[in-house]
Amino acid sequence: MDPHFFIAAPFGNYIHHPNAISVHGTFTLAPQGNRFTAVITSLRHSKEGWTNRLGLPNPGLEKGLKNLSHKNILSITEVNRNEFQEMNKIIPKNSSLELNLSCPNVKYLPWDHIRQFPNKDREWCIAKMSPLSTPEEIEYVLKQGFRQFHFSNTLPHKKGGLSGKSLIPYTNRLISIIRTDFQNYGDIVVIAGGGVTTHDDIRNYLDEGANHISIGSAWLSHPLKTYKLLKKERI
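Residue numbers restart at each chain and count upward from 1, following the sequence in its written direction. Local features are withheld for residues below a pLDDT of 70 in this predicted model, meaning they are given only at 70 or higher, and side-chain atom pairs are given and counted only at 80 or more; totals for whole chains, interfaces and linings count all residues. Derived side-chain values reflect all non-hydrogen atoms in the structure, with water molecules and hydrogen atoms excluded from consideration.

## Some thoughts on the pairing of strand S5 (residues 73-76)
Working step 1: Covered by surrounding structure in S5 are Ile 73 and Ser 75 together with Leu 74 and Ile 76, the residues of both alternating faces.
Working step 2: Two strands are said to pair when DSSP picks up at least two bridges between them. Secondary structure elements are taken from DSSP: a helix is a run of H or I of four residues or more, a strand is a run of E of two residues or more, and numbering for both begins at the N terminus. In this sheet, S5 lies alongside strand S2 (residues 20-27) in parallel orientation, the contact comprising three bridges. When the bridges of S5 are listed, Phe 27 appears paired with Ile 76.
Working step 3: The path from the first strand over the helix to the second decides the hand: if it runs clockwise while the strands point away from the viewer, the crossover is right-handed. Chirality of the crossover, the property in question, places the unit of S5, helix H3 (residues 83-90) and strand S6 (residues 97-100) among those that are right-handed. Relative accessible area decides the class of each residue, using a 1.4 Å probe on protein chains only: under 20% of the type maximum gives buried, over 50% gives exposed, and in between gives partly exposed.

Below, the structure is given as structure tokens:
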């Protein structure tokens, strides 16, 4: 499979590019908060990167499905235990998904009922992991049938979730773990993200063993530069 660009949620709700796959969401079973208010009150930039306490403001899964293009990926998570089971009843079996298993602004939940999502009809069924994921957590997700991983989500921080260049060593660590420790699971697809703003960032992740590249907070810091990077880049 040739390398692809992904536009990470929530940026994929608003940004589309002919050279990229947009990830919509993250959606929860029921509506949560107000996106505009959450952004204004919690999004901050520092020398470490962008931090936020957004939580998961969204209009809910049913509305998310109505606005989803077949070319894009639906990002989902649960805020209460067993909601994945209810979401599975609503989501078409052929919809491409990303399961957000790692939002630092939401309480930690056991990953019940995630085995039901991977199937042969979904082109994409991705587990989005925390930068602090352990080998044991990765192996658990592998045993649930997942073979596509997004490394990684934002880093838990005193000011909220931290994104940007600070994530690079964490993402590289996770790529190394999955490429070294889990070769017996066959072909595993890795989408690498965190701090991608230049051609060198892209090349470094691919050289570490990533298959694809995800771009998130660069849309806040350098939107025009990032759009041009996708237009110019051939990975």
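## Regarding the packing of aromatic side chains
Working step 1: Aromatic pairing here means that ring centres of Phe, Tyr or Trp (its six-membered ring) are within 6.5 Å. Orientation follows from the plane angle: under 30 degrees is stacked, over 60 is edge-to-face, and everything else is tilted. Scanning the model with the defined rule gives five aromatic pairs in all.
Working step 2: Geometrically, the ring pair formed by Phe 6 and Trp 124 is edge-to-face, given 5.1 Å between the ring centres and 90° between the ring planes. Here Trp 124 lies in the loop between S6 and strand S7 (125-129) and Phe 6 lies in strand S1 (residues 5-7), a separation of 118 residues in the sequence.
Working step 3: Exposure remark for Trp 124: the relative accessible area of 2% places this residue in the buried category.
Working step 4: Centroid distance Phe 182 to Tyr 185: 6.1 Å. Interplanar angle 65°. Geometry classified as edge-to-face.

## Considerations on the side chain of Ser 96
Working step 1: As for its placement among the helices and strands, Ser 96 is situated in the loop between H3 and S6.
Working step 2: For Ser 96, a relative accessible area of 10% translates into the label buried.
Working step 3: Pairs of N or O atoms within 3.5 Å make up the polar contacts considered here, provided that, within protein, one atom can donate a hydrogen while the other can accept it, and that residues adjacent in sequence are counted only when both atoms are side-chain atoms. Of the polar contacts made by the side chain of Ser 96, one reaches the backbone nitrogen of Trp 124; its length is 3.3 Å.
Working step 4: Contacts are residue-level and defined by heavy atoms, with any inter-residue pair within 4.5 Å sufficient. Those residues in contact with Ser 96, other than ones at most four positions away along the chain, are Asn 72, Ile 73, Leu 74, Glu 123 and Trp 124.

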